[in-house]
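If you want the building blocks of each chain, they are given just below.
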Amino acid sequence: VATAIASVFMIVPWLIAPQRVDLDKSSAYECGFDAFGEARQTFSVSFYLVSIMYLLFDIEICYLLPYVMCHANAQMYWTMNMFLALLVVGFVYEWGVGALEWRS
(Lines give C-alpha, C1' and ligand atoms only; values in the text may rest on other atoms or scores of the structure.)
Protein backbone atom coordinates (compact mmCIF):
# COMPACT_ATOMS: atom_id res chain seq x y z
CA VAL A 1 0.00 0.00 0.00
CA ALA A 2 2.80 2.40 0.91
CA THR A 3 4.58 1.75 -2.38
CA ALA A 4 1.40 2.46 -4.34
CA ILE A 5 0.77 5.72 -2.49
CA ALA A 6 4.39 6.82 -2.95
CA SER A 7 4.23 5.97 -6.65
CA VAL A 8 1.01 7.94 -7.08
CA PHE A 9 2.55 10.93 -5.28
CA MET A 10 5.54 10.81 -7.63
CA ILE A 11 3.81 10.09 -10.95
CA VAL A 12 0.71 12.30 -10.76
CA PRO A 13 2.57 15.62 -10.29
CA TRP A 14 4.94 14.66 -13.10
CA LEU A 15 1.94 14.14 -15.41
CA ILE A 16 0.07 17.28 -14.32
CA ALA A 17 2.94 19.79 -14.04
CA PRO A 18 4.00 21.73 -17.15
CA GLN A 19 7.17 20.37 -18.75
CA ARG A 20 8.59 23.62 -20.15
CA VAL A 21 12.06 24.99 -19.45
CA ASP A 22 12.03 28.32 -17.63
CA LEU A 23 14.84 30.90 -17.72
CA ASP A 24 14.97 31.01 -13.93
CA LYS A 25 15.27 27.24 -13.70
CA SER A 26 18.18 27.10 -16.14
CA SER A 27 20.11 30.04 -14.63
CA ALA A 28 22.98 29.68 -12.16
CA TYR A 29 22.22 28.67 -8.60
CA GLU A 30 22.85 30.97 -5.62
CA CYS A 31 26.21 29.29 -5.10
CA GLY A 32 27.31 30.26 -8.61
CA PHE A 33 27.25 26.83 -10.23
CA ASP A 34 25.54 26.35 -13.57
CA ALA A 35 22.33 24.35 -13.42
CA PHE A 36 23.39 22.05 -16.24
CA GLY A 37 26.78 20.75 -17.16
CA GLU A 38 29.44 18.25 -16.23
CA ALA A 39 28.95 16.66 -12.81
CA ARG A 40 32.68 16.19 -12.20
CA GLN A 41 33.92 19.73 -12.85
CA THR A 42 36.27 21.65 -10.61
CA PHE A 43 34.89 24.45 -8.48
CA SER A 44 36.22 27.13 -6.20
CA VAL A 45 36.95 26.20 -2.62
CA SER A 46 36.14 29.79 -1.62
CA PHE A 47 32.53 28.80 -0.96
CA TYR A 48 33.62 26.39 1.76
CA LEU A 49 36.12 28.87 3.16
CA VAL A 50 33.45 31.54 3.50
CA SER A 51 31.08 29.13 5.25
CA ILE A 52 33.73 28.02 7.72
CA MET A 53 34.67 31.62 8.50
CA TYR A 54 30.98 32.41 8.99
CA LEU A 55 30.71 29.58 11.48
CA LEU A 56 33.81 30.69 13.33
CA PHE A 57 33.03 34.36 13.70
CA ASP A 58 29.31 35.01 13.36
CA ILE A 59 27.92 32.02 15.20
CA GLU A 60 30.45 32.37 18.02
CA ILE A 61 29.30 35.93 18.61
CA CYS A 62 25.66 34.81 18.64
CA TYR A 63 26.41 32.36 21.44
CA LEU A 64 28.74 34.71 23.28
CA LEU A 65 26.34 37.48 24.32
CA PRO A 66 23.63 35.33 25.99
CA TYR A 67 26.26 33.29 27.81
CA VAL A 68 27.90 36.39 29.25
CA MET A 69 24.54 37.86 30.27
CA CYS A 70 23.62 34.71 32.20
CA HIS A 71 27.00 34.36 33.94
CA ALA A 72 27.93 38.00 34.60
CA ASN A 73 30.83 38.29 37.04
CA ALA A 74 34.40 39.60 37.00
CA GLN A 75 35.98 36.26 36.13
CA MET A 76 33.63 35.75 33.18
CA TYR A 77 34.39 39.28 31.97
CA TRP A 78 38.10 38.53 31.67
CA THR A 79 37.50 35.07 30.24
CA MET A 80 35.28 36.44 27.50
CA ASN A 81 37.75 39.23 26.79
CA MET A 82 40.46 36.61 26.25
CA PHE A 83 38.11 34.62 24.02
CA LEU A 84 37.26 37.70 21.95
CA ALA A 85 40.95 38.57 21.70
CA LEU A 86 41.60 35.08 20.36
CA LEU A 87 38.83 35.54 17.77
CA VAL A 88 40.27 38.90 16.74
CA VAL A 89 43.74 37.37 16.38
CA GLY A 90 42.27 34.65 14.16
CA PHE A 91 40.41 37.23 12.10
CA VAL A 92 43.54 39.36 11.63
CA TYR A 93 45.51 36.24 10.66
CA GLU A 94 42.95 35.23 8.02
CA TRP A 95 42.88 38.80 6.74
CA GLY A 96 46.68 38.87 6.53
CA VAL A 97 46.87 35.53 4.73
CA GLY A 98 44.32 36.77 2.20
CA ALA A 99 41.57 34.30 3.01
CA LEU A 100 38.97 37.07 2.89
CA GLU A 101 39.81 37.98 -0.71
CA TRP A 102 37.60 36.26 -3.26
CA ARG A 103 39.57 34.46 -5.93
CA SER A 104 37.92 32.85 -8.92
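Not measured: the values here are computed from a predicted model.

## As for the overall build of the protein
When helices and strands are counted, the protein shows 4 helices and 0 strands. Starting at the N terminus, the α and β elements of the protein follow one another as α-α-α-α. Of all 104 residues assigned to the protein, the portion counted as buried reaches 10%. Put simply, of all contacts in the protein between residues at least 6 apart along the chain, 47% involve residues at least 24 apart. Total accessible area computed for the protein in this model is approximately 9400 Å², and 69% of it derives from carbon and sulfur atoms.

## Structural notes on the packing of helix 3 (residues 46-70) against helix 4 (residues 74-97)
Relative orientation of the contacting elements helix 3 and helix 4 amounts to 165 degrees, with a least axis distance of 12 Å. Viewed along their axes, helix 3 and helix 4 adopt a mutual orientation that is roughly antiparallel. The crossing of helix 3 and helix 4 is left-handed. Within the contact between the two elements, helix 3 uses M53, L56, F57, E60, I61, L64, Y67 and V68 and helix 4 uses M76, M80, F83, L84, L87, G90, F91 and E94. Taken together, the residues of the contact of helix 3 with helix 4 sort by class into 13 nonpolar, 1 polar and 2 charged.

## A few points about the confidence of the model for the protein
Confidence in the prediction for the protein averages 78 pLDDT; 78% of positions are at 70 or higher. Mean pLDDT per element in the protein: helix 2 (residues 23-26) is the minimum at 67, and helix 1 (residues 2-16) is the maximum at 92.

## Details of the side chain of E94
Here E94 is to be found in helix 4. Not counting chain neighbours up to four residues away, the residues in contact with E94 comprise M53, L56, F57, A99 and L100.

## Notes on a nonpolar patch on the surface
Side chains of V1, I5, V8, F9, M10, I11, V12, W14, L15 and I16 sit close together on the surface and give an oily, nonpolar patch of about 1200 Å² of accessible area. With respect to the helices and strands, I16 occurs in helix 1. Relative accessible area serves as the criterion here: at 66%, I16 is assigned to the exposed category.

Thresholds applied
Residues numbered from 1 in each chain as written. Predicted model: local features only at pLDDT ≥ 70, side-chain atom pairs only at ≥ 80, totals over all residues. Heavy atoms only, no water. Helix = DSSP H or I, 4+ residues; strand = E, 2+ residues; numbered from the N terminus. Buried < 20%, exposed > 50% of the residue type's maximum accessible area, 1.4 Å probe, protein only. Contact = heavy atoms within 4.5 Å. Areas by Shrake-Rupley, 256 points an atom, 1.4 Å probe, with all protein chains shown as cover. Axes fitted to C-alpha atoms, helices over the stretch in contact; angles between N-to-C directions. Parallel < 35°, antiparallel > 145°, perpendicular 65-115°, else oblique. Left-handed = near helix turned anticlockwise from the far one by under 90°. Nonpolar A, V, L, I, M, F, W, Y, C, P; charged D, E, K, R; others polar. pLDDT = per-residue confidence, 0-100. Patch = residues over 30% accessible without salt bridge, like charges linked within 9 Å, V, L, I, M, F, W, Y side chains within 5 Å. Salt bridge = Lys/Arg side-chain N within 4 Å of Asp/Glu carboxyl O.

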